[in-house]
Amino acid sequence: MSHIPRELRYLSSHEWVRIEADGTATIGITDHAQDLLGDVVFVELPEVGSELTAGDEAGVVESVKAASDIFTPISGEVIAVNDALEDSPDLVNNDPYNDGWFFKVKPSDTGELDSLLDAEGYTEICESEDH
Amino acid sequence: MGNKTALYNAHLAAGAKIVDFGGWDMPIHYGSQIEEHHKVRQASGMFDVSHMTIVDVQGEDAQAYLQHLLANDVARLTSVGKALYSGMLNDNGGVIDDLIVYRMPEGFRVVVNCATREKDLAWMQKQAGEFRVTLTERADFSMIAIQGPEAITQTKKVVSAAQSEVITSLGVFFGLESEGWMFCRTGYTGEDGLEVMVPNNQAEAFWNALVAAGVAPCGLGARDTLRLEAGMNLYGSDMDESISPLAANMGWTIAWEPQTRNFVGRAALESQQAAGDQPRLVGLVLEQKAVLRGHQPVFVEGVGEGEITSGTFSPTLGYSIALARVPAGTQSSATVEIRGRQLEVKVVSPPFVRKGQRVYK
């Protein structure tokens, strides 16, 4: 069973979002997603400064097996991207919730979090996919 | 649940992720297929290939039968142990399967693919016709491929002294029996190494001894990236019954001489050759952040269109490579459409990597 932290919010398309102490939102893909993809080889990230709307395509992750679009769970301006993934895309496999993060946004509407899945809801999605 | 090889429990114990492959439950990787890939290029790794089908061809007419059945000519196997790669074609010149045939002390041994087992056996039986041959499937063997620069040294450590001597004596593309096993200096990775046929009841002990010697278990994922770097075809992706060997980079496996040898598919190949209109299977290289994948369309300006037959990220090179079937007039460049973008690719002659080094120009 893959790791699904309680404190995060999720999309059924396997992205997670974490609201940091400073109010910014960090986005990445889940442990379940990296396990399905296998070794990640390239990650395309959004431009810093671009404005995203929840549900927008924000990048692409390519693994040895497949290419997969990344969607943003939350709206806002992109304030940082994880440059470390350029040289070490395997961070996504080895540490999907910390060093393997994708990008950060300054949320324009934290109310959007309420419409996202909690850990329990996301666990159900993963289980239904496994069977 | 699919068929299981004698090594299934050993795979689970090693943490394998299991997938269905041609009706068999096989390991796709044991954690990271890229790490497994590097192990084979830099040291040694091993693959359970017991799902492949081994058939002994014996009897008075064994040689004449195989000269009829195969596009390559087993008369080239001038000594016991010598091996040959060949296509087995249908009457239209399409590839039913690709295989390796070894000359044995008596008759021949043929190794064909797993997903094609039933149609291969049916075709081989049908073509036997009046030939005095017996075909015997050897399901009593498991097969382990040990590959990489250290593969032979490591294997010699865990077999008997007599078997070790046999391994030492093997030339490249030779296979010899010893104490009920068969050691073949063949593979599907572009590295030196062995493919070992071992009786089922000894397979797990042999596998575990190799693990203890430091040989890394590797799954089908790494097997695919390694074979693609080595420019080797995968049946069902790079060729099938609708594809001529001339369109699959397998022209070198057709033995045209002697002209009197009327192998299955010969007439069709001769008219294809005369027409000169067969497409080519070429290598593609993309040095950008994207991955070439099977079935992506390839555009060659002023010439026409083709398609990628196998594509992947090359862990050795750090960018993407592919095999693609393109029109005969294709030169050194083409474009591939990936997610709506046209990306420039280099057209090269495979292989891409041999013995750990980039080899294409």
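Just so it is clear, the structure is predicted and the values come from calculations on it, not from any experiment. (Residues numbered from 1 in each chain as written. Chains lettered and ligands numbered in written order. Predicted model: local features only at pLDDT ≥ 70, side-chain atom pairs only at ≥ 80, totals over all residues. Heavy atoms only, no water.)

Caption draft 1: How the structure looks around the overall build of chain B. Assigned secondary structure in chain B consists of nine helices and 21 strands. Compactness check: chain B gives a C-alpha radius of gyration of 20 Å against a globular reference of 21 Å for 361 residues, within 12% of the reference. When the backbone C-alpha atoms are referred to their principal axes, chain B occupies close to 60 × 50 × 40 Å. Pairs at least 24 residues apart make up 66% of the contacts formed inside chain B by residues separated by at least 6 positions. Total accessible area computed for chain B in this model is approximately 14500 Å², and 50% of it derives from carbon and sulfur atoms. With 31 positive and 40 negative side-chain charges, chain B shows a spacing of 6 Å between the two charge centroids. (Helix = DSSP H or I, 4+ residues; strand = E, 2+ residues; numbered from the N terminus. Rg over C-alpha atoms; globule rule 2.2 N^0.38 Å. Contact = heavy atoms within 4.5 Å. Areas by Shrake-Rupley, 256 points an atom, 1.4 Å probe, with all protein chains shown as cover. Lys, Arg positive; Asp, Glu negative; His and termini not counted. Charge placed at Lys NZ, Arg CZ, Asp CG, Glu CD.)

Caption draft 2: Examining the sheet that holds strand β17 (residues 319-326) of chain B more closely. Residues and elements named next belong to chain B. What the six strands build is a closed barrel, ordered β14-β17-β16-β15-β18-β19; its pairing is antiparallel. Across the sheet, the mean angle separating the axes of adjacent strands is 40 degrees when strand polarity is ignored. Where strand β14 (residues 280-286) lies against β17, seven bridges are found, and the strand directions are antiparallel. What sits directly across from G283, in β17, is L323. Relative to strand β16 (residues 304-314), helix α8 (residues 220-229) is tilted by about 125 degrees, and along the sheet it contacts β16 and β17. (Pairing = 2+ DSSP bridges. Axes fitted to C-alpha atoms, helices over the stretch in contact; angles between N-to-C directions.)

Caption draft 3: Geometry of the interface of chain A and chain B. Tallying the contact residues gives 15 residues for chain A and 14 residues for chain B. Its largest share of buried area at the contact with chain B, chain A owes to D39, F42 and V64 of chain A, together 44% of the area lost on that side. The interface formed by chain A and chain B holds six salt bridges in total. Linking chain A with chain B are 15 residue pairs in polar contact (both at pLDDT 80 or more). When residues of the side of chain A that touches chain B are traced back to their parent elements, those giving at least two are β4 (40-44), β6 (57-63) and β7 (67-71) of chain A. Among the elements that take part in the side of chain A that touches chain B, β4 of chain A stands out by supplying four residues, more than any other. Of the residues that constitute the side of chain A that touches chain B, the class distribution is seven nonpolar, one polar and seven charged. (Buried area = accessible area lost by both parts, 1.4 Å probe. Salt bridge = Lys/Arg side-chain N within 4 Å of Asp/Glu carboxyl O. Polar contact = N/O pair within 3.5 Å; in protein donor to acceptor, adjacent residues only side chain to side chain. Nonpolar A, V, L, I, M, F, W, Y, C, P; charged D, E, K, R; others polar.)

Caption draft 4: Highlighting the pattern of salt bridges. All names here are of chain B. By the definition in use, this model includes 24 salt bridges over all chains. D25 is paired through a salt bridge with K4; the nearest N and O atoms lie 3.2 Å apart. Of this pair, D25 sits in strand β2 (residues 24-29) while K4 sits in the segment before α1 (8-13), placing them 21 residues apart in sequence. A residue is classified by how much of its surface remains accessible, and D25, at 9% relative accessible area, is buried. The partner of R117 in a salt bridge is E118, with the nearest N and O atoms 3.9 Å apart. In this structure R117 comes out as partly exposed when scored by relative accessible area, which is 30%. (Buried < 20%, exposed > 50% of the residue type's maximum accessible area, 1.4 Å probe, protein only.)

Caption draft 5: Highlighting the packing of aromatic side chains. On inspection of all chains with the given rule, the structure shows eight aromatic pairs over all chains. A ring pair is formed by W16 of chain A and Y97 of chain A, whose centres lie 5.9 Å apart and whose planes are at 50 degrees; its orientation type is tilted. Of the two residues, W16 of chain A sits in strand β2 (residues 15-19) while Y97 of chain A sits in the loop between α3 (91-94) and β9 (103-107), which places them 81 residues apart along the sequence. The pair formed by W16 of chain A and Y97 of chain A is uniform in burial state, with each residue classed as buried. An angle of 70 degrees between the planes, with centres 4.9 Å apart, marks the rings of W181 of chain B and F206 of chain B as edge-to-face. Taken together, the residues W181 of chain B in strand β11 (residues 181-184) and F206 of chain B in helix α7 (residues 200-212) connect sequence positions 25 residues apart. Looking at W181 of chain B, the relative accessible area reads 8%, which means it is buried. (Phe/Tyr/Trp six-rings, centres within 6.5 Å; stacked < 30°, edge-to-face > 60°.)

Caption draft 6: How the structure looks around the nonpolar core. Core analysis: the biggest nonpolar cluster contains 32 residues, and F47, Y102, V111, M197 and M239 of chain B have the highest contact counts within it. Listing elements by their share of this core, those giving two or more residues are β5 (83-89), β6 (95-103), β9 (141-147), β11 and α8 of chain B. Not counting the four nearest positions on each side in its chain, M197 of chain B is found in contact with I54, Y102, R109, V111, F141, S142, M143, W181, M182 and C184 of chain B. Counting 23 residues, the second-largest nonpolar core is a separate cluster that includes A33, L37, V81 and L85 of chain A. (Core = buried A, V, L, I, M, F, W, Y, C linked by side-chain atoms within 4.5 Å.)

Caption draft 7: A look at the layout of surface pockets. Quantified by volume, the second largest pocket comes out at close to 300 Å³. When residues of the lining of the second largest pocket are traced back to their parent elements, those giving at least two are α1 (31-37), β4 and α3 of chain A together with α2 (33-42) of chain B. Taken together, the residues of the lining of the second largest pocket sort by class into six nonpolar, eight polar and four charged. (1 Å grid on protein atoms, 1.4 Å probe; cavity = no way out; pocket = protein on both sides within 12 Å on 5 of 7 lines; lining within 4 Å. Points joined across faces, edges and corners; volume = space filled by probe spheres on them.)

All quantities given are derived from atomic positions and should not be read as evidence of function.
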